[in-house]
Amino acid sequence: AAQINQATGRTTYMVHYPGYGRNTSALNMNNMRKVTQDAIGVAARAHERIILVGISIGGAILADAAADAAFLHQTLQIDGIVLMHTFPSLAHLTHGLFRIPLCITRSFVRDYDTLAATGKLLYIPVHVINTRADKLIPWHITDAFRNQRGITVHESTAQNHNDFTASIQMLDGVLERL
């Protein structure tokens, strides 16, 4: 959070997911969605305009939480979403890492479908920052984001999945577009 705050000059909130930091609740998708929605609500009450940034699996959780139908009907002004080093879906990730045909991985891996979630965010611009050097999230699966209306993909010079410095430096330019 401090790195993003320093690079962009914007107030930054960091979410601790269940099982991480001080959050001791059970680690599951429902708890992660609730924690994320609560954090978005806190930010929305404190600031008139908000831009959501999710990193790695946090990006997938953020997209899912923001796209929840009941949540979207709240009076929130979300000006944009930025997903950094995030996969299009767990099915795409499994396909990309293990070369299992996508039609098969989609049949048994249904959680963390970032593409489906962002498809529900019709009026919110979504930007994805990924890197070719990422061995955990292969670059070629980023094509799935490029093929989705309303998503802009940016290529970072980050050296690996956990090298967020270059991607955070890009973030300021992306935020200026929102």
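Residues numbered from 1 in each chain as written. Predicted model: local features only at pLDDT ≥ 70, side-chain atom pairs only at ≥ 80, totals over all residues. Heavy atoms only, no water.

1. A word on helix H5 (residues 90-98)
Buried residues of H5: Ala-91, His-92, Leu-93, Thr-94 and Gly-96, and no others. Looking at the packing, one finds that the buried side of H5 touches helix H6 (102-108), helix H7 (114-119) and helix H8 (143-146). (Buried < 20%, exposed > 50% of the residue type's maximum accessible area, 1.4 Å probe, protein only. Helix = DSSP H or I, 4+ residues; strand = E, 2+ residues; numbered from the N terminus. Contact = heavy atoms within 4.5 Å.)

2. A word on unusual backbone geometry
Here His-85, not a glycine, exhibits a phi torsion of approximately 55°, which is positive. Structurally, the position occupied by His-85 is in the loop between strand E2 (78-84) and H5. On the basis of relative accessibility, which here comes to 0%, the residue His-85 falls in the buried class. With phi around 60°, Arg-99 is a residue other than glycine that occupies positive phi space. Tracing the sequence through the fold places Arg-99 in the loop between H5 and H6.

3. Thoughts on the sheet that holds strand E3 (residues 126-131)
In space, the four strands of this open sheet follow the order E1-E2-E3-E4, with parallel pairing throughout. One side of each edge strand has no neighbouring strand; the edge strands of this open sheet are strand E1 (50-55) and strand E4 (151-156). Strand-to-strand, the axes of this sheet are offset by a mean angle of 20°, without reference to chain direction. By the bridge criterion, four bridges tie E2 to E3 in an arrangement that is parallel. Paired with Val-82 across the two strands is His-127, which belongs to E3. The sheet strands contacting helix H3 (residues 57-67) are E1 and E2, and the helix crosses E1 at an angle near 140°. (Pairing = 2+ DSSP bridges. Axes fitted to C-alpha atoms, helices over the stretch in contact; angles between N-to-C directions.)

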